[in-house]
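One letter stands for each residue in the lines below.
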Amino acid sequence: MKVGVLALQGAFIEHEKKLRALGAETVEVRLPSDLEGLDGLIMPGGESTTIGKLAVQYGLIEPLRAFAQNKPTWGTCAGMIFLAKDIGIDRQPILGLMDITVNRNAFGRQVDSFEVDLSVSVLGDAPFHAVFIRAPVVTGVGEGVNVLATLDDGRIVAAQSGHLLATAFHPELTADNRFHKYFLNIIGQKPA
Ligand code: GLN
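Note that the structure is predicted; figures quoted are calculated from it, not measured.

Quick notes on the rules
Throughout, a residue's number is its position along its own chain's written sequence, starting from 1. Local features in this predicted model are restricted to residues of pLDDT 70 or higher, and side-chain atom pairs are both shown and tallied only at a pLDDT of 80 or more, whereas totals for entire chains, interfaces and linings draw on every residue. Excluded from the side-chain calculation are hydrogens and water; included are all heavy atoms of the structure. Aromatic rings from Phe, Tyr and Trp, taking only the six-membered ring of Trp, are treated as a pair when their centres fall within 6.5 Å; an angle between ring planes under 30 degrees marks them as stacked, one over 60 as edge-to-face, and anything in between as tilted. Strands here are runs of E lasting at least two residues and helices are runs of H or I lasting at least four, both read from the DSSP assignment and numbered beginning at the N terminus. Note on exposure labels: buried denotes an accessible area under 20% of the residue type's maximum, exposed denotes more than 50%, and partly exposed covers the range between, all computed with a 1.4 Å probe on protein chains only. Residue contacts are counted whenever heavy atoms from the two residues lie within 4.5 Å of one another. A molecule or strand has a residue near it when one of that residue's heavy atoms lies within 4 Å. Nitrogen and oxygen atoms within 3.5 Å of one another constitute a polar contact, given that in protein one can donate a hydrogen and the other can accept it, and given that sequence-neighbouring residues count only through two side-chain atoms. Using a 1.4 Å probe, accessible areas were evaluated by the Shrake-Rupley method; residue-level cover was limited to the displayed protein chains. Gly counts as polar in this scheme, as do all residues outside two lists: the nonpolar Ala, Val, Leu, Ile, Met, Phe, Trp, Tyr, Cys and Pro, and the charged Asp, Glu, Lys and Arg. Following DSSP output, two strands are said to pair if at least two bridges run between them. What counts as a salt bridge is simple: a side-chain nitrogen of Lys or Arg found within 4 Å of a carboxyl oxygen of Asp or Glu.

**Q** Whenever I open this one, the packing of aromatic side chains confuses me. Can you help?
**A** Two measures describe an aromatic ring pair: the distance that separates the ring centres and the angle between the ring planes. Counted under the stated rule, the structure contains 10 aromatic pairs. Measuring from ring centre to ring centre gives 6.0 Å for phenylalanine 107 and phenylalanine 132, while their planes differ by 70°; the resulting arrangement is edge-to-face. Highlighted residues: phenylalanine 107 in the loop between β6 (98–103) and β7 (113–118) and phenylalanine 132 in strand β8 (residues 128–133), separated in sequence by 25 residues. The same class applies to phenylalanine 107 as to phenylalanine 132, namely buried.

**Q** Sorry if this is basic, but what is going on with the environment of isoleucine 81 here?
**A** Position of isoleucine 81 among the secondary structure elements: in helix α4 (residues 78–83). Residues isoleucine 81 and glycine 144, spaced 63 residues apart in sequence, show a C-alpha to C-alpha distance of 19 Å. Residue contacts for isoleucine 81: discarding those within four places in its chain leaves Ser48, Ile87, Gln92, Ile94, Val102, Arg104 and Pro136.

**Q** How should the site of the ligand be read in this particular structure?
**A** Gly45, Gly46, Glu47, Ser48, Cys77, Ala78, Ile81, Arg104, Asn105, Ile133, Arg134 and His170 make up every residue found near the ligand. Within the backbone of arginine 134, a nitrogen or oxygen atom sits 2.9 Å from a nitrogen atom of the ligand. About the coverage of the ligand: the protein hides 98% of its 300 Å² of free accessible area. Looking at the shell around the ligand, its residues break down into 4 nonpolar, 5 polar and 3 charged.

**Q** Explain the pairing of β6 to me, please; I cannot follow it from the model alone.
**A** A regular strand carries its side chains on alternate faces of the sheet. Burial along β6 is one-sided: the face carrying Met98, Ile100 and Val102 is buried and the face carrying Asp99, Thr101 and Asn103 is not. Pairing of strand β5 (residues 84–86) with β6 involves 2 bridges; the strand directions are parallel. Counted as the bridge partner of alanine 84 is methionine 98 from β6. In this sheet, strand β9 (residues 137–141) lies alongside β6 in antiparallel orientation, the contact comprising 4 bridges. Its bridge partner being in β9, valine 102 is matched across the sheet by valine 138.

**Q** Can you help me understand the pairing of strand β10 (residues 146–150) in this one?
**A** Relative to strand β11 (residues 156–161), β10 runs antiparallel, the two being bridged by 4 bridges. What sits directly across from threonine 150, in β11, is isoleucine 156. Where β10 hands over to β11, the hairpin turn is made up of 5 residues, of which glycine 154 adopts a positive phi near 95°.

**Q** How should I be thinking about the pattern of salt bridges in this particular structure?
**A** Here the structure, examined in full by the defined rule, presents 7 salt bridges. Between glutamate 16 and arginine 20 there is a salt bridge, and its shortest N-O distance comes to 3.0 Å. Here glutamate 16 pairs with arginine 20, and both are found in helix α1 (residues 12–21), just 4 residues apart, close to one helical turn. Accessibility expressed as a relative area gives 47% for arginine 20, which makes it partly exposed. Among the salt bridges present, the one from glutamate 62 reaches arginine 65, with a minimum N-O distance of 2.6 Å. Here the residue glutamate 62 and the residue arginine 65 both occupy positions in helix α3 (residues 61–70), the gap between them amounting to 3 residues, near one helical turn. Look at arginine 65 and you get partly exposed, because its relative accessible area is 24%. Overlapping salt bridges bring together Glu47, Arg104 and Arg134 as one network.

Now the structure itself:
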């Protein structure tokens, strides 16, 4: 399995390490041609405004859209913002694909970073330790979008829409491989 990791900015190396530990081949995506032959793509956390700007400069917006329209694509944190259909900001370039509404920097300054054990039923019974860093939240989901995890107060922090996956937190920063395994399973199930 060949999985691309968008490598314009942010935490892409950590995702690559996880994927390789699970036996997948990884490709750093910086140019449209890097998408050729990939089975799936992870868009990492970082700074979504920077990722968006660089994606425009490198001519990646349309190729990424075309790719994520039918290949499994997972956005974590800034990557989730980039994947979302609506972030309430017109000027920031996003792919606008997954039918979720996302609020950037939803936790403000006081608790801009925190860790919490989440219950994620698709990963099994054991809680998933989630690291949030100036994280967004999902404030609305469209039809066909499954909520995978919420905080205790009900705010949505992980969702799936068919082959598209979004997490507000950083599963690449903890030892738990289950979210990456889950994504590789989505890739495995998708007919080529
Ligand atoms: N706050 C960042 C943004 O708006 C996301 C932070 C992250 O990816 N850890 O893009």
